[in-house]
Amino acid sequence: MTILLAVALDGDSFAARDWIQAVRHADDARIDLLTFDDDFGRYGPDAVLTAARVAPLTRHVGLVPVATTTHTEPFHLSTALATLDHVSHGRAGWQVRVSADPAEAALLGRRAPLDRDELFAEAADVVEVVRRLWDSWQDDAIIKDVATGRFIDRDRLHHVDFAGRYFSVKGPSTVPRPPQGRPVLAVAEGEAPDAAADVLFVPAERAEARAGRKVFADLTVRAGRHRDAMVRILAAAQRGVDGVRLRGDLLTVIRELVPELRWRGLFRPSGAGTLRDRLGLPVAVNRYRTAG
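Under the annotation held in an unreviewed UniProt entry, the protein carries the name LLM class flavin-dependent oxidoreductase and is attributed to Actinoplanes oblitus.

*Asks:* Give me the sheet that holds strand β10 (residues 199–203): which residues, what numbers.
*Replies:* Sheet strands associate in pairs through backbone hydrogen bonding, adopting either a parallel or an antiparallel arrangement. Pairing in this closed barrel of 8 strands is parallel, and the strands run β1-β2-β3-β4-β9-β10-β11-β12 around the ring. Put simply, the sheet's adjacent strands are angled 30° from each other on average, direction ignored. Bridge analysis of β10 against strand β11 (residues 214–221) gives 5 bridges, and the strand direction is parallel. The residue of β11 that forms the bridge with Val199 is Lys214. In the packing of helix α5 (residues 116–135) onto the sheet, the strands contacted are β4 (93–97) and β9 (184–188), and the crossing angle to β4 comes to about 160°.

*Asks:* Can you tell me about empty space enclosed by the protein, naming the residues and giving the values?
*Replies:* Applying the stated criterion to the full structure yields 2 cavities of 30 Å³ or more. Estimated volume of the largest cavity: approximately 50 Å³. Looking at the largest cavity, the residues that line it are Ala8, Leu9, Asp10, Thr35, Phe36, Asp37, Val66, Gln95, Arg97, Arg245 and Arg247. Of all the elements in the fold, those that place two or more residues in the lining of the largest cavity are β1 (4–9), β2 (33–36), β4 and β12 (243–248).

*Asks:* Quick one: what's the story with the side chain of Asp37, residue by residue and with numbers?
*Replies:* On the secondary structure map, Asp37 appears in the loop between β2 and α2 (47–54). We classify Asp37 as buried; its relative accessible area is 18%. Within the local environment of Asp37, its side chain forms a polar contact with the side chain of Arg97, the two groups lying 2.8 Å apart. Each residue touching Asp37, except ones within four places of it in the same chain, is listed here: Leu9, Asp10, Arg42, Ala47, Val66 and Arg97.

Conventions and cut-offs
- Residues numbered from 1 in each chain as written.
- Predicted model: local features only at pLDDT ≥ 70, side-chain atom pairs only at ≥ 80, totals over all residues.
- Heavy atoms only, no water.
- Pairing = 2+ DSSP bridges.
- Helix = DSSP H or I, 4+ residues; strand = E, 2+ residues; numbered from the N terminus.
- Axes fitted to C-alpha atoms, helices over the stretch in contact; angles between N-to-C directions.
- Contact = heavy atoms within 4.5 Å.
- 1 Å grid on protein atoms, 1.4 Å probe; cavity = no way out; pocket = protein on both sides within 12 Å on 5 of 7 lines; lining within 4 Å.
- Points joined across faces, edges and corners; volume = space filled by probe spheres on them.
- Buried < 20%, exposed > 50% of the residue type's maximum accessible area, 1.4 Å probe, protein only.
- Polar contact = N/O pair within 3.5 Å; in protein donor to acceptor, adjacent residues only side chain to side chain.

Following this line, the structure appears as structure tokens:
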């Protein structure tokens, strides 16, 4: 029995070197994925941009930033996350989150806060639009025929034509389809609708296997207490979860926990090239593949 290993990063430094150093430590340890925390009321750099900054400097680790759906445009989200997948060569993900904080709404001044049901309904629409935009370029849309001067097959670009309660988007995207087709979609339990999620982050005490999802148990690691963390990881693994996401001191995780997990045979570094492959997720089939 082996488990997938994730680490949650949550920092407020605007110095690129701090993020580069942390991510390189995780990459060298062959950790499966990192999440980058973010919200509108937080002091710190944008998570998606931070992930894009460090992506070319890594080779293995999956990069999964939080991007809030409540105050952002789905078209912009789709292009930013598609770009992250391109610059990481297929190692991108997206942790979806809604914002119910009135103070965050006031920062933008666009509208009054929505209730939870509306926030989740809006987030579901955002996810649907983003995925349609990722599919709006077929895999063979780029032809680069210099002799004829044709570089894109227009018949393989598609309008998504989404019209919903909260917004409408015509498309297509301005960024070609991501290498993974669709970057990995993650949700922490209770933070967004999880119907379309590939990965669920669940508090350890409630974590258990769920059909069709990759479930990660959330655990906190405290300095000098890695043995306690190991006991909890073993207990989570016995409940059939797919992985654990560790919070706390990154160096403690890498220097103390990862070697012991490998010695116990619980963690085996993956050689998969994309995050979808690493997590054992199916190929993302383009919904427009037979069109044109």
